[in-house]
Protein chains: 2
Amino acid sequence: MRITLKECAEIIGRYNSFLILTHASPDGDTLGSAFALKRALDKIGKPSQVICNDEIPQKYSFLWDGIANDTVDFEAVIAVDIADRKLLGEEINSKYGDRIVLAIDHHLSHRDYAENTFLCDRASNSENIYALVNEMNIPIDSGLATCIYCGMATDTGCFLFTNTTAKTHKTAAVLMEMGADFALVNRKMFETKTMSYLKLEQMALSTVELHFGGKCAIMQITQEMFRESHSNDGECDGIASLPRKIEGVLIGITIREKENGTYKVSIRTVEPYDAAELCAHFGGGGHNRAAGCEFECSLEETKSALLKLIGEKI
Amino acid sequence: MRITLKECAEIIGRYNSFLILTHASPDGDTLGSAFALKRALDKIGKPSQVICNDEIPQKYSFLWDGIANDTVDFEAVIAVDIADRKLLGEEINSKYGDRIVLAIDHHLSHRDYAENTFLCDRASNSENIYALVNEMNIPIDSGLATCIYCGMATDTGCFLFTNTTAKTHKTAAVLMEMGADFALVNRKMFETKTMSYLKLEQMALSTVELHFGGKCAIMQITQEMFRESHSNDGECDGIASLPRKIEGVLIGITIREKENGTYKVSIRTVEPYDAAELCAHFGGGGHNRAAGCEFECSLEETKSALLKLIGEKI
């Protein structure tokens with residue numbers, strides 16, 4: 001059932017302890033949402049635990065700085081920033097996917113899986129948590145403000161993407177006044193690249209192919225590249241935006257080989273092309289300008305399926 | 001003479017037409033400042049012309065979209081975002097450097113050269129122009145808002161750098177409400193890379209040397225690289241921030257060979273290292289976290305002079 005922000009606050013009021021689920025391959029918005037919610041629940045004496053199907057990269061440790069994330073004997077399960085229960089990851093999905101009391105999400109492509117769903121199309125889901133915390137009159141300290149800022153900055157590419165609004169900037173200003181450590185978040189999220197990531201980026205860039213008169217760019221990342229550069233999947237959050245940044249490119253595609261040999265495809269677009277719509281053709285989803293889907297066929301088949309669809313649209 | 005914002009408005013009131021000078025190797029803040037001021041002067045019926053020692057890259061054309069920048073029989077010369085008259089570039093400096101009536105700048109390292117100087121340490125100089133336009137009660141349309149947004153976004157790295165404040169975000173929100181085409185500016189300034197620039201970046205990255213246990217990174221860009229990658233100096237605004245982004249690096253140095261064989265050095269730092277102070281040792285200047293200086297000796301001598309100084313500080 002779709003619910004209002006007020007009902008969302010009421011549901012949280014009914015339970016005393018929570019398990020908070022993030023999506024697999026966690027990013028700054030799902031984690032920022034989860035730890036912001038956990039910090040808010042801490043303040044009203046309701047214990048909670050954040051869990052993730054995959055290991056959480058160490059660079060996010062500032063999100064749980066000063067708080068404990070111990071095992072909790074929980075009464076209710078909450079999912080944050082999760083458009084589809086499949087995105088929980090296999091283990092978490094099979095364990096908790098059918099017993100989620102509350103989903104708080106911002107993806108218009110959300111496929112209802114929870115008993116109650118609060119969905120609002122803000123730039124980041126962390127802004128939904130911010131609205132919820134305000135609705136519940138829970139005071140926001142610098143740690144909580146930092147978590148929300150982290151989510152906002154992640155999903156707007158630090159106020160770069162077109163989902164940024166005047167409201168986003170106003171909220172950022174308020175969070176900074178509340179003590180959000182924006183300098184730390186920006187440095188960790190946008191200003192730090194490992195040498196191994198930089199090597200991976202160089203290798204990936206050398207695979208770029210331009211199609212349709214340069215309007216579409218396809219870049220590949222193979223498991224071999226991860227090995228050669230000593231980098232890993234968790235390091236390359238931002239790499240999927242590279243092909244779209246090439247001058248003249250309107251549709252940028254990154255094909256990443258997964259450990260099991262299947263392919264994760266990320267699509268980034270410029271107006272009027274809709275990344276979510278393109279990915280939906282292959283069972284994926286996301287936002288208008290950034291979306292993803294998966295392929296279990298070969299690399300060549302993946303590429304030709306993508307190029308065929310794009311050829312029809314472009 | 002240092003003057004207040006009110007006096008700055010009064011001085012502009014005394015003249016009927018202006019020549020507006022930007023610095024050489026123009027960036028989004030000097031150009032954003034200049035065209036914002038020109039657009040404001042247009043609105044009160046005072047003709048002006050923006051000039052620059054170097055060719056203005058085509059990617060900035062949105063700044064003068066819809067207005068004419070014709071030759072003007074000017075009464076007064078204004079310099080915007082210029083810390084030192086040397087930065088005007090040789091030709092413009094020799095022609096106008098000693099007859100500047102008004103300098104509007106935001107560099108704390110400003111070396112007085114104008115008859116009157118309005119200096120306020122805002123993140124970008126465009127925010128000083130915004131304050132001036134408000135002081136003069138000139139209405140801001142979307143074109144003018146776009147110019148100011150361009151300067152702010154340039155000098156804060158799109159709200160990424162530590163010079164960003166809650167006030168910066170609030171101003172950005174107001175400018176967006178006034179119709180600033182933030183999506184266009186962000187795409188042109190941060191989201192578009194030419195293939196030639198990407199090639200240059202790969203070549204430059206392959207030269208990175210780490211010093212002092214990885215706390216200092218030095219990267220080189222040679223004229224040969226510009227030739228091989230078919231890129232040019234005007235394309236690589238952001239490249240100087242790359243070495244500092246490497247994990248663990250506190251002082252990032254980019255040494256760029258100029259056409260005449262001398263070297264332009266850009267330094268980017270993380271607290272507590274002061275880039276402006278480091279550059280001041282070599283006659284340069286700038287901001288705490290981003291500054292520059294020039295060397296006329298060989299590459300090896302340039303590097304060893306820099307490493308000697310940094311060795312003393314680190």
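Just so you know, these numbers come straight off a predicted model, no measurement behind them. (Residues numbered from 1 in each chain as written. Chains lettered and ligands numbered in written order. Predicted model: local features only at pLDDT ≥ 70, side-chain atom pairs only at ≥ 80, totals over all residues. Heavy atoms only, no water.)

### Observations regarding the overall build of chain A
Of the regular secondary structure elements, chain A holds 12 helices and 11 strands. For chain A, the C-alpha radius of gyration of 19 Å lies close to 20 Å, the compact-globule estimate for 314 residues. Projected onto its principal axes, the C-alpha coordinates of chain A cover approximately 55 × 40 × 35 Å. For chain A, with 314 residues in total, the buried portion stands at 58%. (Helix = DSSP H or I, 4+ residues; strand = E, 2+ residues; numbered from the N terminus. Rg over C-alpha atoms; globule rule 2.2 N^0.38 Å. Buried < 20%, exposed > 50% of the residue type's maximum accessible area, 1.4 Å probe, protein only.)

### Brief notes about helix α7 (residues 182-190) of chain B
Since the α-helix packs 3.6 residues into each turn, any two residues three or four apart lie on the same face. All names here are of chain B. For α7, every residue scored as buried is listed here: F182, A183, V185, N186 and M189. Along the long axis of α7, the arc covered by the buried residues comes to 165°, so they all point the same way. Looking at the buried residues of α7, the elements they touch are α2 (28-43), α5 (142-155) and α6 (166-177). (Arc of directions from axis to C-beta. Contact = heavy atoms within 4.5 Å.)

### Quick look at the sheet that holds strand β10 (residues 285-286) of chain B
Consider a sheet: its strands pair through backbone hydrogen bonds, and that pairing is either parallel or antiparallel. Residue and element names in this part refer to chain B. The strand order across the open sheet built from six strands is β6-β7-β8-β9-β11-β10, with neighbouring strands paired in mixed fashion. In the strand order of this sheet, the two ends are held by β6 (209-211) and β10, each with one partner. Relative to strand β7 (residues 216-221), β6 runs antiparallel, the two being bridged by three bridges. Bridged to H211 within β7 is C216. Strands in contact with helix α12 (residues 299-313) are β6, β7, β8 (251-257), β9 (263-269) and β11 (290-295); relative to β8, the strand with the most contacts, it is inclined by about 160°. (Pairing = 2+ DSSP bridges. Axes fitted to C-alpha atoms, helices over the stretch in contact; angles between N-to-C directions.)

### Concerning the environment of G285 of chain A
Residue and element names in this part refer to chain A. In this structure, G285 sits in strand β10 (residues 285-286). Exposure remark for G285: the relative accessible area of 29% places this residue in the partly exposed category. Taking the C-alpha atoms as reference, G285 lies 12 Å from K86; in sequence the two are 199 residues apart. The contact partners of G285, leaving out residues within four places of it in the chain, are S109, C279, A291 and G292.

### Looking at the interface of chain B and chain A
Residue-level contacts link 36 residues of chain B with 36 residues of chain A. Between chain B and chain A, a total of about 3300 Å² is buried, with carbon and sulfur atoms accounting for 66% of that surface. When the buried surface of chain B facing chain A is broken down by residue, L160, H169 and E191 of chain B rank first, second and third, together holding 20% of it. Here chain B is connected to chain A by six salt bridges. (Buried area = accessible area lost by both parts, 1.4 Å probe. Salt bridge = Lys/Arg side-chain N within 4 Å of Asp/Glu carboxyl O.)

### Quick word on the relation of the copies chain B and chain A
After a rotation of 180° and a shift along the axis of 0.0 Å, chain B superposes on chain A with an RMSD of 0.0 Å. Such a turn and shift between the copies fits a two-fold axis. Proximity to the rotation axis, assessed at the C-alpha, singles out H169 of chain B in chain B; its C-alpha lies 2.5 Å from the axis. The share of interface residues of chain B whose copies in chain A are also at the interface is 100%, consistent with both copies meeting through the same surface. (Least-squares fit on C-alpha atoms with pLDDT ≥ 70 in both.)

### Points about the domain arrangement of chain A
Residues and elements named next belong to chain A. In terms of domains, chain A is made up of domain 1 (5-138) and domain 2 (195-313). On a C-alpha basis, the centroid separation for the pair domain 1 and domain 2 is 28 Å. Contact with domain 1, which involves nine residues of that partner, is made by eight residues of domain 2. A combined buried area of about 540 Å² lies between domain 1 and domain 2, and 35% of that area is made up of carbon and sulfur atoms. Interface area lost by domain 1 to domain 2 is led by H107, S109 and R111, which between them contribute 41%. Counting across the domain 1 and domain 2 interface gives zero salt bridges. (Domains from an automatic or database assignment.)

### Remarks on the environment of L88 of chain A
All names here are of chain A. Mapped onto the fold, L88 is located in the loop between β3 (76-80) and α3 (90-96). Take L88: its relative accessible area is 0%, and that puts it in the buried class. With 63 residues separating them in the primary sequence, L88 and S25 have C-alpha atoms 9.0 Å apart. In this view, L88 contacts L21, T22, A24, N53, I82, N93, G97 and I100; residues no more than four positions away in its chain are not counted.

### Points about the packing of aromatic side chains
Residue and element names in this part refer to chain A. This structure, assessed with the given rule, holds 12 aromatic pairs over all chains. Centroid distance F35 to W64: 5.3 Å. Interplanar angle 40°. Geometry classified as tilted. Within this pair, whereas F35 is found in helix α2 (residues 28-43), its partner W64 is found in the loop between β2 (48-51) and β3, the two being separated by 29 residues in sequence. Accessibility expressed as a relative area gives 1% for F35, which makes it buried. Here F74 and Y96 contribute two aromatic rings whose centre-to-centre distance is 6.0 Å and whose plane-to-plane angle is 70°, an arrangement assigned as edge-to-face. (Phe/Tyr/Trp six-rings, centres within 6.5 Å; stacked < 30°, edge-to-face > 60°.)

### Description of the pairing of strand β4 (residues 102-105) of chain B
Residues and elements named next belong to chain B. Because side chains alternate across β4, one face comprises the buried residues L102 and I104, and the other comprises A103 and D105, equally buried. Pairing geometry for strand β3 (residues 76-80) and β4, over three bridges, is parallel. Pairing of I78 across the sheet is with L102, part of β4. For the segment spanning β3, helix α3 (residues 90-96) and β4, crossover handedness is right-handed. Relative to strand β5 (residues 116-119), β4 runs parallel, the two sharing four bridges. Among the inter-strand pairings, A103 is bridged to a residue of β5, identified as T117. (Right-handed = clockwise from strand over helix to strand, strands pointing away.)

### Observations concerning helix α1 (residues 5-14) of chain B
All names here are of chain B. Within the sequence span of α1, burial applies to L5, C8, A9, I11 and I12. The buried side chains of α1 occupy one side of the element, clustering within an arc of 160° when seen end-on. Turned more than 90 degrees away from the buried face of α1, the exposed residues are K6 and R14. Those residues of α1 that are buried lie in contact with β1 (18-21), α2, β3, β4, β5 and α4 (126-135).

### Thoughts on the pairing of β9 of chain B
Residue and element names in this part refer to chain B. A large share of β9 lies buried, amounting to six of its seven residues. The pairing of β8 with β9 spans seven bridges and is classified as antiparallel. Along β9, the bridge assignment pairs E257 with Y263. Between β8 and β9, which pair antiparallel and follow one another directly, the connecting turn spans five residues, one of which, G261, has a positive phi of 85°. Relative to β11, β9 runs antiparallel, the two sharing six bridges. Within β11, the position partnered with I267 by the bridge is A291.

### Some thoughts on the state of the cysteines
The term disulfide refers to a covalent linkage connecting the sulfur atoms of a pair of cysteines. All names here are of chain B. Considering all chains together, one arrives at zero disulfides over all chains under this definition. The closest cysteine sulfur to the non-disulfide-bonded C8 is located on C120, 11 Å from its own sulfur. For C8, a relative accessible area of 0% gives the class buried. (Disulfide = S-S within 2.5 Å.)

### Comments concerning the nonpolar core
Counting 111 residues, the largest nonpolar core has L37, I104 and Y149 of chain A together with L37, I104 and Y149 of chain B as the members making the most contacts within it. Excluding residues that lie within four positions of it along the chain, L37 of chain A makes contacts with I12, I20, I78, V80, I129 and L132 of chain A. (Core = buried A, V, L, I, M, F, W, Y, C linked by side-chain atoms within 4.5 Å.)

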